[in-house]
Amino acid sequence: MAKILAITNQKGGVGKTTTTVNLAASLAAMKQRVLLVDLDPQGNATMGSGIDKRNLSATIYHVLLGSKSLHETRFHFEAGKYDVLPANRELAGAEIEMVDLQNRETRLKDALQTVAAEYDYILIDCPPALNLLTLNGLCAARSVMIPMQCEYYALEGLSDLVNTIRKVRAHLNPDLEIEGLLRTMFDPRNTLAQQVSEQLQQHFGEKVYRTVIPRNVRLAEAPSYGVPALYHDKLSKGTQAYLALAGELLNNAKQSAQV
Ligand code: ATP
Ligand code: MG
């Protein structure tokens, strides 16, 4: 059964999509069967996976509203070796249209259950908001990965997110865990980044991934070629960091299976 991970942070531009795309490609390169779910109307993970979001007749929007099955909607992304449930701006309308539907918070969860046995990992790229779409991501997931930049306001935003996760756990998804906090766009020469990083480790201890994602231009360039960085510049520091993160995830999963 797939391990379902929501990659989320209500703060914009912290590296959620970059993490989802590159982690998907890294896990797939390690022979894992991966489905990437684009839960953001911006459709950045869709474009970053080589799919033109403007020419799609069926997207996650149709899956959430129940007019198409996930089987009819997913793509296989040949170059990245993983599957994609794509999104485009139509998804923004789903927020309002879902309000009157039954089980509006668990529509993604119900859809993913139909394919979960086919994958080892399902990665959900959430939008930068704590809205009904993100709530669907948090209800479908078993755990949450939180990418964050080590900046002054980062910790403040984190407490809102942790409170939301607590509420979801209390009311909708009792099994939801924080899988880990990921330091992104890290610049070791920046003293403030170092200080925030230390505070994070003090507060969250083991929950902070050992792998740190450096600021690396190859990660920013790759989406314009429609590929993960692994297939743009394999030796770049960014690529290597996401491979290390995939290794850390697999290792953690192996250890918790042994306990
Ligand atoms: P949004 O909240 O809008 O969905 P996001 O959290 O998904 O944003 P990304 O789109 O992944 O964030 O990243 C924001 C910008 O920073 C993008 O232009 C991306 O290419 C760039 N970026 C992300 N990670 C890195 C990195 N490690 N090094 C350099 N640039 C990066
Ligand atoms: Mg994004």
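Starting afresh in each chain, residues are numbered from 1 along the sequence in its written order. The naming scheme follows written order: chains are lettered A onward, ligands numbered 1 onward. Restriction of local features to residues with pLDDT of at least 70 applies here, the model being predicted, together with a cutoff of 80 or more for giving and counting side-chain atom pairs; totals for whole chains, interfaces and linings are based on all residues. Each side-chain value is derived from all of the structure's non-hydrogen atoms; neither hydrogens nor water enter the calculation.

## Here's the deal with unusual backbone geometry
Convention followed: Segments assigned H or I by DSSP are reported as helices when at least four residues long, segments assigned E as strands when at least two residues long, and all are numbered from the N terminus. Partly exposed residues are those whose accessible area sits between 20% and 50% of the maximum for their type, while under 20% is buried and over 50% is exposed, using a 1.4 Å probe and protein chains only.
Even without being glycine, K31 reaches a positive phi, approximately 70°. Mapping K31 onto the fold places it in the loop between helix 1 (16–29) and strand 2 (34–38). Overall, the relative accessible area of 74% leaves K31 in the exposed class. Despite not being glycine, M185 has its phi angle at roughly 50°, a positive value. Following the sequence through the fold, M185 ends up in strand 7 (residues 177–186).

## Overview of the side chain of S143
Using the following cut-off: We call two N or O atoms a polar contact when they sit within 3.5 Å, provided that within protein one can donate a hydrogen and the other can accept it, with sequence-adjacent residues counted only if both atoms are side-chain atoms. By definition, residues are in contact when any of their heavy atoms lie within 4.5 Å.
Looking at the secondary structure, you find S143 in strand 6 (residues 143–149). A polar atom in the side chain of S143 sits 3.5 Å from the side chain of E179. Once you skip the residues sitting within four places of it in the chain, S143 turns out to touch K3, I4, L5, A6, L176, E177 and E179.

## Some thoughts on the site of ligand 1
Operational definition: One heavy atom suffices: a residue is near a molecule or strand as soon as one of its heavy atoms comes within 4 Å of it. Here the accessible surface of atoms and residues is derived via Shrake-Rupley with a 1.4 Å probe, and residues count as covered only by protein chains that are part of the display.
Close to ligand 1 lie 17 residues, the nearest being K16, T17, T18, P214 and N216. Within the backbone of G13, an N or O atom sits 2.9 Å from an oxygen atom of ligand 1. A distance of 3.0 Å separates an oxygen atom of ligand 1 from a polar backbone atom of G15. The fraction of the free accessible surface of ligand 1 (630 Å²) that becomes covered by protein chains is 80%. Within the residue set of the shell around ligand 1, elements represented by two or more residues are helix 1, strand 8 (208–214) and helix 10 (217–221). When residues in the shell around ligand 1 are grouped by element, the largest group, three residues, is from helix 1.

## Details of the sheet that holds strand 6
Short version of the rule: Strands were regarded as paired on the criterion that DSSP finds at least two bridges between them. Under this scheme, a helix contributes an axis fitted over its contacting stretch, all axes are lines through C-alpha atoms, and angles between N-to-C directions fall in the 0 to 180 degree range.
One open sheet holds the eight strands; their spatial order is 3-4-2-5-1-6-7-8, and the pairing between them is mixed. Looking along the sheet, the strands with just one partner apiece sit at the ends: strand 3 (75–77) and strand 8. Across the sheet, the axes of successive neighbouring strands diverge by a mean angle of 25°, strand direction being ignored. Where strand 3 and strand 4 (residues 82–85) come together, three bridges link them in antiparallel fashion. For H76, the partnering residue across the bridge sits in strand 4 and is D83. Docked against the sheet, helix 8 (residues 154–171) engages strand 6 and strand 7, running at close to 170° with respect to strand 6.

## Section: the side chain of Q10
Assignment of secondary structure puts Q10 in the loop between strand 1 (3–7) and helix 1. Of the polar contacts made by the side chain of Q10, one reaches the backbone oxygen of G157; its length is 3.0 Å.

## Considering a nonpolar patch on the surface
Threshold: Two joining distances apply to patches: 9 Å for like charges and 5 Å for nonpolar side chains (Val, Leu, Ile, Met, Phe, Trp, Tyr), and every residue must have over 30% relative accessible area and no salt bridge. A pairing counts as a salt bridge when a side-chain nitrogen of Lys or Arg comes within 4 Å of a carboxyl oxygen of Asp or Glu.
On the surface, Y152, Y153 and L192 cluster together to form a nonpolar patch covering roughly 380 Å² of accessible area. Topologically, Y152 is positioned in the loop between strand 6 and helix 8.

## With respect to the pairing of strand 6
The line we're drawing: The path from the first strand over the helix to the second decides the hand: if it runs clockwise while the strands point away from the viewer, the crossover is right-handed.
Of all seven residues making up strand 6, seven are buried, and the element is well covered by its neighbours. Burial along strand 6 is two-sided: S143, M145, P147 and Q149 and V144, I146 and M148, pointing in opposite directions, are all buried. Pairing geometry for strand 1 and strand 6, over three bridges, is parallel. Following the sheet pairing, I7 is matched in strand 6 by M145. Alignment of strand 6 against strand 7, held across seven bridges, turns out to be parallel. Across the sheet, residue S143 finds its bridge partner in strand 7, namely E177. Handedness of the strand 6-helix 8-strand 7 crossover: right-handed.

## Quick notes on helix 8
Note the cut-off: Multiplying 1.5 Å by the residue count of a helix minus one yields the expected span of that helix. For this quantity, the arc is that covered by the directions from the helix axis to the C-beta atoms.
Helix length check: helix 8 (18 residues) gives 26 Å between terminal C-alpha atoms against 26 Å at 1.5 Å per residue, within 8%. The complete set of buried residues in helix 8 reads A154, L158, L161, V162, T164, I165 and V168. Buried residues along helix 8 cover an arc of 160° about the axis, so they all sit on one side. Opposite the buried face of helix 8, by more than 90 degrees, sit the exposed residues E156, R166, K167, A170 and H171. Close packing links the buried residues of helix 8 with helix 7 (132–140), strand 6, strand 7 and helix 9 (191–204).

Taken by themselves, the reported measurements are silent on function.
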